[in-house]
Amino acid sequence: MNRKVLTALFLVVSLAFGLVGCSSQAGGSKPLEDAKTQFKSEIKFYGSTTLAPVLSQLSTNFNEHYATWDKVDSQFAKKDIAIYVSGAGSSAGVKSIIDGVSDFGMASRKVSDEEKSKIEGYQEFKLGMDALTISVNPKNNLTKLKDSLTTEEIKKIFAGEFKTWNDVDPFLPKTEIVVVTRDIGGGAHEVFQKAIMGDAKVRADVIQAPSMGALVTKIIENENAIGYASYGMVNQNKGKLAPFKVDGIESTSENILNGTYKVSRPLIVLKKGDLLPQEKAFMDYVVSDEGMDIIEKLGFVPNR
Amino acid sequence: MEQTFEKLFSILSTIFTVISVVLLFLVIFFITQESMLIFQEVNFLDFISGLTWNPLASEPTVGILPMILATFYVSMVAVLISLPIGIGCALELAALENERLKGFFTSILAVLAGIPSVIYGFIGLLVVVKFLEKTFRLAAGESILSGGIVLAVMVLPYIVSSVTETMEKSYKKYKETSLALGVSKSYMLRALILPNAKGAILTSMILAFSRAMGETMAVMMVMGNSPILPKLLGKGETISALIALEIGTAGLGSLHYHALFTSGFVLMMFLIFLNALFYLIKKNLTEHLE
């Protein structure tokens with residue numbers, strides 16, 4: 001008897017937990033208050049999959065800090081802060097602003113003049129830059145021979161025209177070049193493809209690293225490896241990676257921000273028309289020092 | 001009082017059973033639904049026999065034959081490596097009279113099964129990949145072989161536990177007879193226990209194979225993930241690695257996104273087929289034994 005009671009109790013409790021779990025998810029919609037003006041508590045971000053994790057992180061922190069809008073500013077209504085971020089690509093982000101289906105668009109590329117002309121009262125916030133350095137293992141003797149690679153050389157290495165290090169420089173041994181990239185469909189590769197490769201294809205047998213961390217680990221572990229480590233990763237692994245200048249331009253944060261270093265792209269949030277006060281409050285947080293720290297932590301060059 | 005609890009218990013267990021069955025069907029339904037959309041643009045045969053995967057080009061091509069082959073190749077290598085080790089281990093465990101030692105070994109195997117796959121992948125990257133680079137003088141050690149070695153360790157516990165079970169049974173059954181006939185223990189294991197476990201070995205192979213096919217993280221870390229036709233010492237990309245790598249950046253609703261779901265669908269079909277096979281053979285075996 002006792003055991004049966006216990007089992008039944010256990011089942012009831014677990015069912016209760018299951019149901020509670022359901023209700024808290026669905027419980028977001030609270031009865032509408034009879035406010036004088038409808039206060040919009042939701043902000044929707046849509047676009048670049050590179051920026052999506054950044055804004056997710058920023059909105060999470062914002063949410064944890066304030067929870068309801070009236071704590072951000074006493075004039076706002078007491079409603080839960082709801083910031084939705086979804087990634088679908090930069091072009092989809094720009095299109096969503098043109099069509100007016102989201103509040104903010106995210107783009108990790110320049111917005112063309114043609115696109116801008118379709119958006120009335122176009123506004124953009126440049127959050128920072130995403131930059132890649134062309135890095136090798138410090139034990140690679142190429143680092144002793146030169147400190148800069150031309151676009152053409154990098155292109156030939158990644159396209160497989162240069163198969164061994166000897167092809168790059170006759171003083172180097174005839175060992176195979178190990179090319180490491182991120183997934184070819186991803187945002188990081190897109191930057192590289194546009195800045196260096198153009199229409200040329202990367203060779204088929206590159207190692208596709210599952211994360212930027214894995215890419216950097218491979219370069220640190222393998223003397224013959226070359227890959228595009230993100231700017232943030234090079235700073236975190238000083239001495240273990242040897243970044244090259246590209247066409248003689250070093251990947252410093254100044255060069256990246258003013259656009260002279262070419263393997264980079266801007267991170268932009270765009271908006272049609274004026275911002276609502278609550279939207280402005282969030283964007284002020286995004287461009288604050290705290291927001292910029294988060295952007296830097298995620299491996300980008302913040303636009304301070 | 002007693003009856004009320006009895007009733008409550010039976011209702012609740014029915015509910016939970018229904019929930020888990022429905023969950024499975026929902027997953028299958030969702031993946032099928034998301035993947036069918038691609039066939040408006042691509043022929044199914046082109047999809048599974050295509051050699052190039054380039055969903056983001058201006059003229060996208062999505063062919064997953066290299067990934068299907070790599071998935072099978074690496075799983076086969078893994079099973080081939082772990083099968084002899086697993087059978088040897090199972091023979092030893094079945095014939096082990098010392099119960100404490102047996103318990104100790106069994107629990108070690110359980111721990112082996114419980115290690116997170118990312119840890120296996122990390123060790124594989126730092127040990128197996130490095131080892132292959134040195135031994136075969138490869139520029140990069142990421143290969144089908146390194147994936148197979150890492151997977152072999154991961155599926156070993158499944159092979160051992162399912163084979164040991166059957167071997168233990170027949171060992172107990174024939175022990176007295178063998179002792180009475182005066183044959184040596186090793187002869188008994190070789191001539192009686194091992195042939196008797198044929199079916200169990202086959203099912204364990206299928207189980208291990210399907211485990212290996214679905215494994216993602218560890219394989220992704222040591223195989224290089226190049227969508228090219230696989231060679232033993234060359235790089236390769238499995239279906240699950242392809243999905244894990246690219247689903248994060250595939251635009252919602254794009255061709256790329258649906259192509260990834262369809263790859264998942266293909267993998268799922270293979271696994272369902274293998275599981276059905278496993279079930280059928282196992283059922284046959286138990287009937288045979290009884």
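In this text, all values refer to a predicted model and were calculated from it rather than measured experimentally.

Comments concerning the overall build of chain A
Helix and strand content of chain A: 14 helices and 11 strands. Counting all 304 residues of chain A, 47% fall into the buried class. Nonlocal contacts in chain A, meaning residues at least 24 apart in sequence, comprise 72% of its contacts between residues at least 6 apart. Accessible surface, chain A as shown: approximately 15000 Å² in total, 53% of it carbon and sulfur.

Details of the overall build of chain B
Looking only at helices and strands, one finds 11 helices and two strands in chain B. The order of helices and strands in chain B, counted from the N terminus, is α-α-β-β-α-α-α-α-α-α-α-α-α. By the burial criterion, 44% of the 290 residues in chain B qualify as buried. On chain B, roughly 15300 Å² of surface is accessible, and the fraction owed to carbon and sulfur atoms is 70%. Averaging the locations of the 18 positively and 19 negatively charged side chains of chain B gives two centres separated by 12 Å.

Considerations on the domain arrangement of chain B
All names here are of chain B. What the domain assignment reports for chain B is domain 1 (2-40) and domain 2 (53-289). Computed over C-alpha atoms, the centres of domain 1 and domain 2 are 28 Å apart. Counting the surface lost from both domain 1 and domain 2, the interface buries some 870 Å², and carbon and sulfur atoms represent 83% of this. Across the contact surface, domain 1 and domain 2 share zero salt bridges. Joining domain 1 to domain 2, the criterion identifies two residue pairs in polar contact (both at pLDDT 80 or more). The residue inventory of the side of domain 1 that touches domain 2, partitioned by class, reads seven nonpolar, two polar and one charged.

Looking at the interface of chain B and chain A
Interfaces are frequently sized by the accessible area removed from exposure as the parts join. Counting residues at the interface gives 33 residues for chain B, matched by 32 residues for chain A. A buried area of about 2700 Å², summed over both sides, lies between chain B and chain A, and 64% of it is on carbon and sulfur atoms. Where chain B packs against chain A, one counts three salt bridges. Here glutamate 221 of chain A ties to lysine 130 of chain B by a salt bridge, and the two come within 3.4 Å at their closest N and O atoms. Summed over the shared surface of chain B and chain A, the result is nine residue pairs in polar contact (both at pLDDT 80 or more). Looking at the side of chain B that touches chain A, the elements that each hand over two or more residues are α1 (2-36), α5 (117-135), α9 (217-222) and α10 (239-246) of chain B. With seven residues, the single largest contributor to the side of chain B that touches chain A is α1 of chain B. Among the residues forming the side of chain B that touches chain A, the class breakdown is 18 nonpolar, seven polar and eight charged.

Section: the pattern of salt bridges
Pairs can form between side chains of opposite charge once their charged atoms are near each other. Using the criterion set out here, one finds 19 salt bridges over all chains in the structure. Where salt bridges share partners, they join Lys40, Asp103, Lys271 and Glu279 of chain A into one cluster.

Thoughts on the packing of helix α6 (residues 144-181) of chain B against helix α7 (residues 185-196) of chain B
All names here are of chain B. α7 packs onto α6 with a crossing angle of 135 degrees between their chain directions and a minimal axis gap of 10 Å. When the axes of α6 and α7 are compared, the pair comes out oblique. Read as a crossing pair, α6 and α7 show a hand that is right-handed. Note on element contacts: α7 touches α6 through Lys185, Met188, Leu189, Leu192, Ile193, Leu194 and Asn196, opposite Met167, Ser170, Tyr171, Tyr174, Lys175 and Ser178.

Here we look at unusual backbone geometry
A negative phi holds for most residues other than glycine; trans holds for most peptide bonds. All names here are of chain A. Here alanine 67, not a glycine, exhibits a phi torsion of approximately 65 degrees, which is positive. Tracing the chain through its elements places alanine 67 in the loop between α2 (52-66) and α3 (69-72). What makes alanine 67 partly exposed here is its relative accessible area of 36%.

Here we look at a nonpolar patch on the surface
A surface patch of nonpolar side chains, amounting to about 720 Å² of accessible area, comprises Ile11, Ile15, Val18, Ile19, Val22, Leu23, Leu26 and Phe29 of chain B. Relative to the helices and strands, isoleucine 15 of chain B is located in helix α1.

Focus: the packing of aromatic side chains
Tallied over the entire structure, the rule returns 19 aromatic pairs over all chains. Between phenylalanine 62 of chain A and phenylalanine 282 of chain A, the aromatic rings sit 5.1 Å apart at their centres with planes inclined by 75 degrees, giving edge-to-face as the arrangement. Placement of phenylalanine 62 of chain A in helix α2 and of phenylalanine 282 of chain A in helix α13 (residues 277-286) is noted, with a sequence separation of 220 residues between them. Considered together, phenylalanine 62 of chain A and phenylalanine 282 of chain A belong to a single accessibility category, that of buried residues. Between the aromatic rings of phenylalanine 72 of chain B and phenylalanine 209 of chain B, the centroid separation amounts to 5.8 Å while the plane-to-plane angle is 40 degrees, which identifies the pairing as tilted.

So, helix α14 (residues 289-297) of chain A
Residue and element names in this part refer to chain A. Every buried residue of α14 is listed here: Gly291, Met292, Ile294 and Ile295. Mapping the buried residues of α14 onto a view down its axis gives an arc of 155 degrees, with all of them on the same face. Relative to its buried face, α14 has exposed residues pointing more than 90 degrees away, namely Asp289 and Lys297. Against α2, β4 (122-136), α13 and β11 (301-302) lie the buried residues of α14. At the C-terminal side of α14, glycine 299 shows a positive phi close to 100 degrees.

Things to note about the confidence of the model for chain B
All names here are of chain B. In this model, chain B carries an average pLDDT of 88, and 98% of its residues clear a pLDDT of 70 or more. Mean pLDDT values for the elements of chain B range from 83 in strand β1 (residues 53-54) up to 93 in helix α3 (residues 65-95). What the predictor reports for the complex is a pTM of 0.75 with an ipTM of 0.74.

Describing the nonpolar core
In terms of nonpolar packing, the biggest core is built from 66 residues, with Phe47, Trp53, Ile64 and Met167 of chain B touching the most fellow members. Those elements that place two or more of their residues in this core are α3, α5, α6, α7, α8 (198-214), α9, α10 and α11 (255-289) of chain B. In this structure phenylalanine 47 of chain B touches Ile38, Val42, Val62, Gly63, Ile64, Leu65, Ala259, Thr262, Ser263 and Val266 of chain B, once residues within four positions along its chain are discounted. Residues Val136, Leu149, Trp165 and Ala209 of chain A belong to the second largest nonpolar core, which totals 50 residues.

As for the pairing of strand β8 (residues 225-230) of chain A
Residues and elements named next belong to chain A. Counting buried residues in β8 gives six out of six residues, a clear majority hidden from the surface. On β8, burial covers both faces: Ala225, Gly227 and Ala229 on one face and Ile226, Tyr228 and Ser230 on the other are all buried. Pairing geometry for strand β6 (residues 178-181) and β8, over three bridges, is parallel. The residue of β8 that forms the bridge with valine 178 is alanine 225.

What counts, and where the lines are drawn
Residues numbered from 1 in each chain as written. Chains lettered and ligands numbered in written order. Predicted model: local features only at pLDDT ≥ 70, side-chain atom pairs only at ≥ 80, totals over all residues. Heavy atoms only, no water. Helix = DSSP H or I, 4+ residues; strand = E, 2+ residues; numbered from the N terminus. Buried < 20%, exposed > 50% of the residue type's maximum accessible area, 1.4 Å probe, protein only. Contact = heavy atoms within 4.5 Å. Areas by Shrake-Rupley, 256 points an atom, 1.4 Å probe, with all protein chains shown as cover. Lys, Arg positive; Asp, Glu negative; His and termini not counted. Charge placed at Lys NZ, Arg CZ, Asp CG, Glu CD. Domains from an automatic or database assignment. Buried area = accessible area lost by both parts, 1.4 Å probe. Salt bridge = Lys/Arg side-chain N within 4 Å of Asp/Glu carboxyl O. Polar contact = N/O pair within 3.5 Å; in protein donor to acceptor, adjacent residues only side chain to side chain. Nonpolar A, V, L, I, M, F, W, Y, C, P; charged D, E, K, R; others polar. Axes fitted to C-alpha atoms, helices over the stretch in contact; angles between N-to-C directions. Parallel < 35°, antiparallel > 145°, perpendicular 65-115°, else oblique. Left-handed = near helix turned anticlockwise from the far one by under 90°. Patch = residues over 30% accessible without salt bridge, like charges linked within 9 Å, V, L, I, M, F, W, Y side chains within 5 Å. Phe/Tyr/Trp six-rings, centres within 6.5 Å; stacked < 30°, edge-to-face > 60°. Arc of directions from axis to C-beta. pLDDT = per-residue confidence, 0-100. Core = buried A, V, L, I, M, F, W, Y, C linked by side-chain atoms within 4.5 Å. Pairing = 2+ DSSP bridges.

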